[in-house]
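Here are the chains, one letter per residue:
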Amino acid sequence: MPETSTRDRYLEFIAQIVQLTLKGNIRSKEQVYQMLVQELEPGTEEIFEDCLHDRLSTTQQEANDSANEAKQARATRSMRALQTIQGEWSRWQAQNQARSAIVTAIHQLTQAEPAQRTLVFLKVTDPNHPQGLKPDQLQQLATTLRQQPISDPDTRDELTQLADGITRGLNSWRTLQPHLVSWIYDSDQMGFGGSSEQNNPWALWSKQAIGTVPKSLFRALYEQQSGNDWAASQSGITLASWVELAIVLQSLQQGMIHWVENLIYSSKSGSKVAITLFLTFSVVWSELANGFSRSPFLNSLNQERYSEGAFRVTLQWLRVFAQRDYFPLYGTVFATFTGGYFRNAMNYLSEPLKRSPGTQEKARILTLLGSSQRVRGPLDLAKEMHDVAREIAQEAGDRPCEIANLNHLSRIAVTEKNYPEAISYSQRALIFSRQSGDRFGEANALANLGYAEVFQAQQLESDPDVYETAIGYLEQGLELSERLNDGQSKALCYTSLGSAYVTLGQPEKSLPFLEKGVKSATYTGDLYIQSLNLAQLTEAFYQMKNFDKAIVSGSLAMYHLEQLGSSDWRQPAGLLTVLQGQMGDTFHQQMEAQKSMITDVIGVDGYDHLPKLLEQYRTS
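All values reported here derive from a predicted model rather than from experimental measurement. (Residues numbered from 1 in each chain as written. Predicted model: local features only at pLDDT ≥ 70, side-chain atom pairs only at ≥ 80, totals over all residues. Heavy atoms only, no water.)

### Some points on helix α22 (residues 487-503)
For step 1, the next point in the chain: Helix length check: α22 (17 residues) gives 24 Å between terminal C-alpha atoms against 24 Å at 1.5 Å per residue, within 8%.
For step 2, the next point in the chain: Across the 17 residues of α22, 16 count as buried, placing the element largely inside the fold.
For step 3, the next point in the chain: Downstream of α22 by a residue or two, glycine 505 has a phi angle that is positive, lying close to 70°. (Helix = DSSP H or I, 4+ residues; strand = E, 2+ residues; numbered from the N terminus. Expected span 1.5 Å × (residues − 1). Buried < 20%, exposed > 50% of the residue type's maximum accessible area, 1.4 Å probe, protein only.)

Listed below in structure tokens is the structure:
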């Protein structure tokens, strides 16, 4: 039934109850409740609620009209009748919420076009929706779907596949549940990209008695094959297996996030692990979406709906993430990931956001993506993300998010050596943060302002007192970060102070700050900031002619930054190349002498990759 006719019918129904009440034909609330039970059509609850709200508003205005006493009296009696309807409507909702959700889901799934059926399924299971179906309701949904009297054979087959996928997904999830977190022993390293099966969930999960499709995906991820390539190579993805995979992956994510948020002793460690989980699964779903869209084994219908469905899941969970109080407005926390399959995945995460209206959640997600894009480049895309995020945050009244994007734009401007623009952004962030009481934003703004002014002073060959002012900002930011116990801001301030003293040719003063910066960034899991500190340590050691330490720090910085996809790896690579030219064969002897220190951090494979990077730098 079209929405317009349903609305007219509900307005007439409400008017009928009011008339019967005024005539004395409604003698109990139960009568009203039973009339609601008989009259309401599945899937139209929102229409009824809008109709009731409109009638209440109109009648309230009439009751407030003192010019016509007779009209006012009638409106007052009508209001009492409408309030009775409203009360019984609330009762109906409370008593029928679970049943209504399933009935609504059945109605929407049976009426959906084939291309939209996966999106409808994801809509009724959306974790952001208060009436999203839970596992026990999903089982009821599967049972009811099989019982639907559908005459069209294609629709009947699709509904049966949906039911089979739900049942298989729930069974696989029950099998995996005992192995949900047994592989986690060290909260500092989630193990998603590691090579050891003992602390790698994909390997452990792939060994369980679950469906062939999720088993195959988990094995591919353990072997560091991208979800993109895996999805593109699958020839047996039916609607049932896609639904099974959706239930399994989302159940694993939800279960682990619940575990880390509620059972990890340290709330900071729990937040760090939860951030990693949110990003890991978003990456997987984004890659699956791209893989399904280019699969040569799927027809055009399945290409579209499997890909669209995977993008919808990505967006749903990013929205859940953006509502958490630990959502990272600063830093590049994705750097805690390892594994080759992650290298380009952050590009995909921007796709579902293009299909979402401008919301506060979108602003926060774009802030995170822009920060990661700044590390990887190109900077134009990062600036675009931060500009859009800042505008949305401003419209949504999310001042901390707006301030965060100003700070990120300041850091981009420093990277581009546009120091006046960097100072302007950080000054605005500082003013807004102090006005709104955003202490974390203030700490970052002070760090960015001091950092930008140090480099501008160097560029302009300014007097020493200009440097003192800039360093004063950095010291204020560090002091505030320490009071807040904000590890991200502390790491940034340590980095900025250390870099300032390296720039001023005072390496001895820089060492304590840079070493503390490494420790702070390690603690917060921000491998990018940690690597920047190591790169600056390399420059400090070089100025002090402490070449053996420069080789160690430079090698680690170069390797980590290159693995993160950041072009910043070229800075330590350039310095190591200069050292190699100055030291000749002694350079290789020194590197071999420091091998154990380097392999303790990046392993033998990482150590063997270093000469390739130096050669790549030279030839480029």
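### Let's talk about the packing of aromatic side chains
Ring pairs (aromatic) are described by centroid distance and by the angle formed between their planes.
For step 1, the next point in the chain: The tally for this structure, following the rule as stated, stands at 18 aromatic pairs.
For step 2, the next point in the chain: Consider the rings of tryptophan 202 and tryptophan 205, whose centres lie 5.6 Å apart with planes at 85°: the pair is edge-to-face. On the criterion of helical spacing, the pair formed by tryptophan 202 and tryptophan 205 is a turn pair, its members being three residues apart in helix α8 (residues 201-206).
For step 3, the next point in the chain: The exposure class assigned to tryptophan 202 is buried, which follows from its relative accessible area of 0%.
For step 4, the next point in the chain: The ring centre of tyrosine 33 lies 3.9 Å from the NZ or CZ of arginine 91, which sits over that ring.
For step 5, the next point in the chain: Note that arginine 570 overlies the ring of tryptophan 569, its terminal NZ or CZ placed 5.7 Å from the centroid. (Phe/Tyr/Trp six-rings, centres within 6.5 Å; stacked < 30°, edge-to-face > 60°. Lys NZ or Arg CZ within 6 Å of the ring centre and 35° of its normal.)

### Some thoughts on the side chain of serine 499
For step 1, the next point in the chain: With respect to the helices, strands and loops of the structure, serine 499 is situated in helix α22.
For step 2, the next point in the chain: Setting aside its immediate chain neighbours within four residues, serine 499 contacts Tyr451, Leu514 and Gln536. (Contact = heavy atoms within 4.5 Å.)

### Observations concerning the nonpolar core
For step 1, the next point in the chain: Ranked by size, the top nonpolar core spans 103 residues in total, and within it Ile166, Trp230 and Leu288 carry the most contacts.
For step 2, the next point in the chain: In this structure isoleucine 166 touches Phe121, Leu138, Leu141, Ala142, Leu145, Val243 and Ile247, once residues within four positions along its chain are discounted.
For step 3, the next point in the chain: One finds Leu511, Phe587, Met591 and Leu614 within the second-largest nonpolar core, a separate group that totals 38 residues. (Core = buried A, V, L, I, M, F, W, Y, C linked by side-chain atoms within 4.5 Å.)

### With respect to the packing of helix α11 (residues 239-262) against helix α13 (residues 300-322)
For step 1, the next point in the chain: For the pair α11 and α13, interaxial distance at closest approach is 12 Å and the crossing angle is 15°. As summarised for this structure, α11 and α13 are arranged roughly parallel, according to the angle between their axes. Between α11 and α13 lies a crossing whose hand is right-handed. Of the residues in α13, those touching α11 at Leu239, Trp242, Gln250, Gln253 and Gln254 are Arg305, Tyr306, Gly309, Ala310, Val313, Gln316 and Trp317.
For step 2, the next point in the chain: In terms of residue class, the contact of α11 with α13 is built from six nonpolar, five polar and one charged. (Axes fitted to C-alpha atoms, helices over the stretch in contact; angles between N-to-C directions. Parallel < 35°, antiparallel > 145°, perpendicular 65-115°, else oblique. Left-handed = near helix turned anticlockwise from the far one by under 90°. Nonpolar A, V, L, I, M, F, W, Y, C, P; charged D, E, K, R; others polar.)

### Digging into the pattern of salt bridges
For step 1, the next point in the chain: Applying the stated rule across the entire model yields 20 salt bridges.
For step 2, the next point in the chain: Residues arginine 7 and aspartate 54 are paired through a salt bridge, measuring 2.4 Å at the closest nitrogen-oxygen approach. With a gap of 47 residues between them, arginine 7 in helix α1 (residues 3-22) and aspartate 54 in helix α3 (residues 45-63) connect regions that are remote in the sequence.
For step 3, the next point in the chain: The salt bridge involving glutamate 39 is made with arginine 9; its shortest N-O contact spans 2.8 Å. One end of the pair, glutamate 39, is in helix α2 (residues 29-39); the other, arginine 9, is in helix α1, with 30 residues separating them in the sequence.
For step 4, the next point in the chain: Judged by its relative accessible area of 27%, glutamate 39 falls in the partly exposed class.
For step 5, the next point in the chain: For arginine 9, a relative accessible area of 23% gives the class partly exposed. (Salt bridge = Lys/Arg side-chain N within 4 Å of Asp/Glu carboxyl O.)

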